[in-house]
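Coordinate analysis (summary)
Here is how the chains run, residue by residue.
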Amino acid sequence: MSPTATRKSERLLNLLIMLLVQRHYVSKERIRQILYPDSSRDGFEKMFERDKEELRSLGVPIEVGSLDPMFEDEPGYRIRPDRFALPDITLEADEAAMIGLATRVWEHARLAEATTEAVRKLRALGVPLDVSALDIAEPRLSADEPSFDVFWEATQERCPVEFDYRRPGETAAQRRHLQPWGVVRYSGRWYAVGFDTDRGEERVFRLSRVQGEARRKGRPGSYDVPPGTDVRDVARRLAPEPTTERAVVLVRAGAGHALRRDAESISTGVPGPDDATGWDRLVVSHGGPGLADDLLSYGPDVCVEEPAGLRERVVARLRAAVEEAR
């Protein structure tokens, strides 16, 4: 990753953590002093606005409120842990995801390293951290598509990408060229969103259908993202319509916080596959084909009861992983 992209990812990660782990609104001046100390007033205002909008585009609910109920002239900012749920992502992005926030949450080594460093720096600056707020980022999200880093870094640097792409039903891949605007998780899949220079219009490409190695092709900063673009909205408009799958799963007590937040029902203290901890039974619904992947990301903390087809897919994935590791 280039130094520019790294600095931006680190800055976004620091801002996300600072607003998430404090219990009260944080003033803009306090944010400037700690996270943007070398910026001029005008430079800070522009950079802070861009950073807020980028985090919001990743699904981060940044709230604006009054620091003092008696005075409404100075706004403050915060992220309420009870409202912060990662969109259907597992990262929305590298340090984009940055959204990833806690070392134990991210299995992507680069994210784990960046998050640890962000927490260390904030502590060194004397920022009081309630690191328990980071627990809400579970499940363990992963960006395991081989081309993920190329598209993510190209998004940060505004650099065109060239890649071979195979559409459903086609046997041969076609060479494509994209000015990526963002990388998003939608309906259980990772998509690159941007302007297709071959077709002359906005398009989305599922990363799992990229064949071979994606390559940056062009100069950094050679294009701009249209003002007001919401890449998640573009993905919702252009990606295949999601289907909903319903499942009954056993979840180890104290685990699966994201599953619990969205569960239709929860039955506590039920028999589970082992006696190491207690177990709860959850009824969950999931849009898109990625439910098996999401449940597998919890490892031994989740066990699928039904439907049988989903359980069979999970078991097949586990067996394939064991065979590959031999």
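Residues numbered from 1 in each chain as written. Predicted model: local features only at pLDDT ≥ 70, side-chain atom pairs only at ≥ 80, totals over all residues. Heavy atoms only, no water.

Observations concerning the overall build of the protein
On a plain count of helices and strands, the protein comes out with 9 helices and 12 strands. Taking all 326 residues of the protein together, 48% fall into the buried category. Expressed as a percentage of contacts within the protein between residues at least 6 apart in sequence, the contacts between residues at least 24 apart total 63%. Surface summary for the protein: the accessible area is close to 16100 Å², and the carbon and sulfur share equals 48%. (Helix = DSSP H or I, 4+ residues; strand = E, 2+ residues; numbered from the N terminus. Buried < 20%, exposed > 50% of the residue type's maximum accessible area, 1.4 Å probe, protein only. Contact = heavy atoms within 4.5 Å. Areas by Shrake-Rupley, 256 points an atom, 1.4 Å probe, with all protein chains shown as cover.)

Considerations on the packing of aromatic side chains
On inspection of all chains with the given rule, the structure shows 9 aromatic pairs. The interplanar angle of 85° and the centroid separation of 5.2 Å between the aromatic rings of Phe 48 and Tyr 77 together place this pair among those described as edge-to-face. You can see Phe 48 sitting in helix 3 (residues 41–57) and its partner Tyr 77 sitting in strand 3 (residues 71–79), a full 29 residues away along the chain. Judged by its relative accessible area of 0%, Phe 48 falls in the buried class. Judged by its relative accessible area of 5%, Tyr 77 is buried. Between Phe 148 and Trp 190 the ring centres are 4.9 Å apart and the planes differ by 75°, which places this aromatic pair in the edge-to-face class. Within this pair, whereas Phe 148 is found in helix 5 (residues 148–157), its partner Trp 190 is found in strand 6 (residues 189–196), the two being separated by 42 residues in sequence. Through successive ring pairs, a cluster of aromatic residues spans Tyr 36, Phe 44, Phe 48 and Tyr 77. The ring of Tyr 25 carries Arg 78 above its face, with NZ or CZ at 4.4 Å from the centroid. (Phe/Tyr/Trp six-rings, centres within 6.5 Å; stacked < 30°, edge-to-face > 60°. Lys NZ or Arg CZ within 6 Å of the ring centre and 35° of its normal.)

Structural notes on the nonpolar core
If you look at the biggest cluster of nonpolar residues, it comprises 22 residues, and the most contacted ones within it are Leu 15, Leu 19, Ile 31 and Tyr 36. Those elements giving two or more residues to this core turn out to be helix 1 (3–20), helix 2 (28–35), helix 3 and strand 3. No other element matches helix 1, which puts 8 residues into this core. Discounting residues that sit within four places of it in the chain, Tyr 36 has contacts with Arg 11, Leu 15, Ile 31, Phe 44, Met 47, Phe 48 and Asp 51. Val 161, Leu 178, Trp 190 and Val 210 belong to the second-largest nonpolar core, a separate cluster that totals 16 residues. (Core = buried A, V, L, I, M, F, W, Y, C linked by side-chain atoms within 4.5 Å.)

Some thoughts on the sheet that holds strand 6
Spatial strand order, 7-6-5-4-8: 5 strands in an open sheet with antiparallel pairing. With one partner strand each, in any of the chains shown, strand 7 (201–206) and strand 8 (210–216) form the two edges of the open sheet. Recorded for the sheet is a direction-independent mean angle of 40° between the axes of neighbouring strands. As judged from the 5 bridges shared by strand 4 (residues 161–165) and strand 5 (residues 174–186), these two strands associate in the antiparallel manner. (Pairing = 2+ DSSP bridges. Axes fitted to C-alpha atoms, helices over the stretch in contact; angles between N-to-C directions.)

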